[in-house]
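Per-entry structural report
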Amino acid sequence: MSFDINQYLIKQEPFYQPTGKEVALYEAAYAARLPVMLKGPTGCGKSRFVEHMAWRLGKPLITVACNEDMTASDLVGRYLLDANGTRWLDGPLTLAARHGAICYLDEIVEARQDTTVVIHPLTDHRRTLPLDKKGELVAAHPDFQLVISYNPGYQSLMKDLKQSTKQRFTAFDFDYPTAMLEASILAKETGLDEALAGKLVKIGQAARNLKGHGLDEGISTRLLVYAATLIKGGVAPCDACRMALVRPITDDADIRDTLDHAVDATFSE
Amino acid sequence: MAEAATFQGDLQGYWKLLDSRFPQVHDVFDSCMAEAFKVLTNDGLNAYLESASFLGEMGRGVEPILVFLESWPQVARALGEASLPAIMGCIKKMWRSPNSKTITDFLQVLPAIARRLHSQEQMQDYLELTLDLMNRTSGSIHGNQATIPSPGLPDFFGKSPYLVSQLALAGLKNWVDYGVRNYGDHPDRQRDYFSLQSADSKAMLQRERHGTLLADNERKLDLYLRCLWQDNDYLVPYSTGYDELRKPIPYYDKLGIRLPDVYDDACGTSGIDRYRAVLAHIAAHRRWTTPIFADNYSPFQRMAVEFFEDSRVEYLAMREYPGLRKLFLALHPSPAEDACDPEQHSAVRHRLAMMSRALLDEQHGYQNPHIIDFVQRFHHAMAQGESSTQDIADLATLFVAKTRRQSDQLPNVHFLDTEIDYRDDNRHMWRYYENSDDEEQFEEHRQVESDEVTGGLPPRHYHEWDYSTQSYRPDWVSLYETLHPQGNALVIDQLLEKHAALAKRLKRLLDLLKPQQKVRIRYQEEGSELDLDVALRSLIDYKSGSAPDPRINMSHKNDGRNIAVMLLLDLSESLNDKVAGTDQTILELSQEAVSLLAWAVEQLGDGFSIAGFYSNTRHEVRFLHIKGYSETWDDTVKGRLAAMQAGYSTRMGAAMRHAGHMLQHRQADKKLMLILTDGEPADIDVKDKKMLIQDAHKAVQELDQQGIYTYCINLDPKADEYVGDIFGKNYTVIDNVARLPERLPQLFMALTK
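Residues numbered from 1 in each chain as written. Chains lettered and ligands numbered in written order. Predicted model: local features only at pLDDT ≥ 70, side-chain atom pairs only at ≥ 80, totals over all residues.

**Here's the deal with the overall build of chain A**
Just so we agree on the cut-off: We count a stretch as a helix when DSSP gives it H or I for four or more residues in a row; a strand needs E for two or more, and each element gets its number in order from the N terminus. With C-beta atoms placed from the backbone, a residue is buried if 20 or more other C-beta atoms are within 10 Å of its own, exposed if 12 or fewer are, and partly exposed between those counts.
Regarding its fold elements, chain A presents eleven helices and nine strands. The burial tally for chain A puts 40% of its 269 residues in the buried class.

What follows is the structure, given as structure tokens:
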């Protein structure tokens, strides 16, 4: 069966602004093929970082968005019935392991715990993936690496990784970049001028102060980029901020008013 | 000269028209007329004198006519002279009532009221309100003819200018209504109410006030402080209503940030934005001001330092949030440069306010060279960075030195447009080398007395619904929650033994009710079992050559009961009645029933709590805790149940609100409140039977909104008359009270099936 893994190669450089030594550290981890875990709030650049690293290393990247209904066979593969009998179809994890891609499991805690266990043999010295239904033992390609991400903010009793899973990974802590960096990210990403970007960041940081006081998460860098994009497209800054920064994150009238006021206070006109 | 002559001539004629023999009137007549000439037309003058003459002959002495002569021109200026007939009509009605004494009080405050109300229509409303108050509070002995003057009316007139300034007329009407309704037949309390002495008079006023109340916006402002300033402190309101002479100013100290309890919209700025401006200013102080020693500055210097420092922190705040400039500009007064004559008045405040405005507003337009010079110096200093309190203090003292005038010492200080009301009083800015007994010594360290040991929890206050006005009475009921005293648990065990046969029957029912725990989830690709129906269908599809559905498995999930139940027992006096046909009281039967129910619920494993209540007027509603959710059905709980006693009345609404408050915090899919009662809600301080019934109904509605299902078990055979008004359809009347022990658990099971 022919399969072109190159469709997963990233052609253009995804923009990523390093905030520390994470690029070098990741490269070191990849050199040793250690599995990597990325932790951090939503929209702070975890997925972008993986894309960037895959591009930088020139490896294909297979991304799986995890969800509650996902089963082990969604990762590993399954027999499909068709009119002429059955046919085995590799799942994304198997594909990556066979062809030497980076497999990125996004929001891993969303998947059920029994699902996450299938990655265990791939993440230790064995580096194999047993396909028990098919009766095959896939030895991972030398280029294969597993990356997972999760958002500790959601952490609840129900949604946490097992210690046995956690302890198979090296980990990076991601957070929103500093104000200066974040402004320059907005500027680079959208072409907005730095002064205006700085104001957007200011609003973002104001909202992050409310985390835990009615907001589950602050305004993410991703939302700031949205707002910047809107402003760049000709929308008035106040309107853009209300639309892209305030309305999405809250339904609470008090918080909405407060953030609206923060927007007004930041843009004098 | 000719005009003056005719004026003199006319005066004679008018004096004849007035026809008053009071010498005091003669003394002031000329000057009153001089003012009246300016305002009134000829017809108006005639009507003026006619009315005055009536007031003079009314038989109430010289006061009414004097006050009228003096005040009418002012009223006419505010409202127009056409409003006279309405006012005279009102006065005549008062004259015919036992309240003619208060006509003077009425006239005395009329100009102030007129200035505030502006229009004749509003004045008409005010007059009607006054007459209404008078008629409803004037007492009579035999019922037909009012003979006793209204006790509250003079006090009302005394307070009315203030009331009108604080309340819209609709609000004033509500406030008056409330007083008449609740204190109509209690002269002393009525006087307290209408002179704004009593607590609920103030509370009522507070509720009807216009403007933005701090209490309503506390969370918003809290979030504001946290969001924009990463600051967090208690927001403590102080009352602006009662300090007419010394208006308190916002400030902050160790206990929190003190803000006025209400802000009206002003200068085109909404009340909430005025609060934000105050908080922004205070937050800026907290961030950038470092206290300096006050001892070496003169009072003028200190004032200047405060003005400059205020401007500095605001400048820094605006650097952070440029949008604040608009807010500050709108609220900062802009004193005209020539408003103050430095020969007559001390211009210190005026000068500093101008300086402050100039520092804030680039388009200040002031010509004063000192001001322009110091604005430049200020901006120069700020361009370097943040500057500091000490640096700005040096700048301020320099400003004082440069602009000092001899007249600064004058006692008449020019105050107009110099008060910047969003700024705090800067008490935090100063430190002292030595403690003096100076008035401005704020930083005294008083030892706070430790809380005295109190028995039980402090009372909780609940509102009560007043159906006649369709409004809540704020904080009307005081509810005390205590642990029910202990008794002998054996009693309950004996009761349960007595009902052993019943318990056995119940047990069978309970087993049926017990959660089955298993629910099938079909159409699963992977599951614990094969779902044969679907599997066969897939197989047929497969055999017939089309793509089969792979979701042929099923799995199970647990489906437990998740109910929180609160049983509220009415422990009022009537429970001591004997049940007809038995020698048991209702209380004893209730005990048996509750024991059985508690036992049954324990078997089911639902969250269950029991509480009892009784009331002795609105000041004492007792809420007795018998079983909590975390307590098991053990000897302690049984002991409390055994000690149950009955007494006093049934104020149901408050008890239900409190029980709802406890139930609200339970995590459960379904919340059920069972109320076991034997009569209608009643209390000895409520005469109107419907009042507490309506209140209980309102409480049921409130609980419904919180997702709490209420159900009443009523033992009163005549309950049908009222229980539906309270609980709608959610009730059962148990006529045969002797069967209560059997019925209660059955009812519960039927409800939760």
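**What to know about the interface of chain A and chain B**
Applied cut-off: Contact between two residues is assigned whenever their backbone-derived C-beta positions fall within 7 Å. In this count, Pro and Cys sit with the nonpolar residues alongside Ala, Val, Leu, Ile, Met, Phe, Trp and Tyr, while Asp, Glu, Lys and Arg are called charged and the others, Gly among them, polar.
Taken together, the contact pairs 23 residues of chain A with 22 residues of chain B. Contributing elements (two or more residues each) for the side of chain A that touches chain B: β3 (77–82), α8 (194–208) and α11 (253–266) of chain A. With ten residues, the top contributor of residues to the side of chain A that touches chain B is α11(A). In terms of residue class, the side of chain A that touches chain B is made up of ten nonpolar, nine polar and four charged.

**So, the sheet that holds strand β10 (residues 519–524) of chain B**
Paired through backbone hydrogen bonds, the strands of a sheet run either parallel or antiparallel to each other. All names here are of chain B. Convention followed: Two strands pair if DSSP finds at least two bridges between them.
Spatially, the three strands line up as an open sheet ordered β10-β12-β11, and their pairing is antiparallel. Lying at the two open borders of the sheet, with one neighbouring strand each, are β10 and β11 (529–530). When β11 meets strand β12 (residues 553–557), the two strands line up antiparallel, connected through two bridges. Within the sheet, the bridge partner assigned to Glu529 lies in β12 and is Met554.

**As for the nonpolar core**
What counts, and what does not: Buried Ala, Val, Leu, Ile, Met, Phe, Trp, Tyr and Cys residues form a nonpolar core when they are connected through C-beta atoms within 7 Å.
By size, the foremost hydrophobic cluster in this structure holds 86 residues, and its most contacted members are Leu186(A) and Ala227(A). Not counting the four nearest positions on each side in its chain, Ala227(A) is found in contact with Leu200(A), Ala240(A), Cys241(A), Ala244(A) and Leu245(A). Formed by 68 residues, the second largest nonpolar core is a distinct cluster that contains Ala642(B), Leu674(B), Ile693(B) and Ala719(B).

**Concerning the environment of Ser165(B)**
All names here are of chain B. By the secondary structure assignment, Ser165 is in helix α8 (residues 153–166). C-beta crowding within 10 Å serves as the criterion here: with 12 such atoms nearby, Ser165 is assigned to the exposed category. Note: C-alpha distance between Ser165 and His210 (45 residues apart in sequence) is 9.8 Å.

**A look at the environment of Met204(B)**
Residues and elements named next belong to chain B. For Met204, the location among the structural elements is in helix α11 (residues 199–208). For Met204 and Arg473, which are 269 residues apart along the polypeptide, the C-alpha to C-alpha distance reads 8.3 Å. Ignoring sequence-local partners within four residues, the contact set of Met204 consists of Trp175 and Tyr178.

**Thoughts on the packing of helix α13 (residues 271–288) of chain B against helix α14 (residues 299–320) of chain B**
Residues and elements named next belong to chain B. So the rule is basically this: With axes taken as lines fitted to C-alpha atoms, and helix axes fitted only over the stretch in contact, angles between N-to-C directions fall between 0 and 180 degrees. Put simply, angles under 35 degrees are roughly parallel, angles over 145 are roughly antiparallel, angles from 65 to 115 are roughly perpendicular, and the rest are oblique.
One way to put it is that α13 packs onto α14 with a least axis distance of 9 Å and a crossing angle of 100°. Between α13 and α14, the angle falls in the class roughly perpendicular. Between α13 and α14, the residues in contact are Ala280, His281, Ala284, His285 and Trp288 and Val313, Glu314, Leu316 and Ala317, respectively. Residue classes in the contact of α13 with α14 are distributed as six nonpolar, two polar and one charged.

**Details of the packing of helix α3 (residues 42–56) of chain B against helix α4 (residues 63–79) of chain B**
All names here are of chain B. Under the convention used in this document: In this scheme the crossing of two helices becomes right-handed for a clockwise turn of the near helix relative to the far one and left-handed for an anticlockwise turn of less than a right angle.
The contact between α3 and α4 brings their axes to 9 Å, and the two run at 155°. As the angle between them shows, α3 and α4 are arranged roughly antiparallel. By crossing handedness, the relation of α3 to α4 is classed as right-handed. Packed against α3, whose contacting residues are Gly44, Tyr48, Ser51, Ala52, Leu55 and Gly56, the element α4 presents Pro64, Ile65, Phe68, Leu69, Trp72 and Ala76 at the interface. When grouped by side-chain class, the residues that make up the contact of α3 with α4 number nine nonpolar, three polar and no charged.

**Some thoughts on the sheet that holds strand β3 (residues 251–253) of chain B**
All names here are of chain B. With mixed pairing, the three strands of this open sheet are ordered in space as β2-β4-β3. Taken across any chain shown, the strands that pair with only one partner, and hence form the sheet edges, are β2 (235–238) and β3. Across the sheet, the mean angle from the axis of one strand to that of its neighbour is 30°, orientation sign disregarded. Inspection of the sheet shows β3 paired to strand β4 (residues 256–260) by three bridges, in the antiparallel sense. Counted as the bridge partner of Tyr252 is Ile257 from β4.

**Brief notes about unusual backbone geometry**
Leaving glycine out, the prevailing phi sign among residues is negative, and the prevailing peptide bond configuration is trans. Of note in this structure, Glu107(A) is not a glycine but carries a positive phi near 50°. You can see Glu107(A) is positioned in the loop between β5 (102–106) and α5 (113–116). Judged by the 19 C-beta atoms lying within 10 Å of it, Glu107(A) falls in the partly exposed class. Located in the positive-phi region is Gln230(B), a residue other than glycine, with phi close to 45°. Residue position: Gln230(B) is located in the loop between α12 (214–229) and β2.

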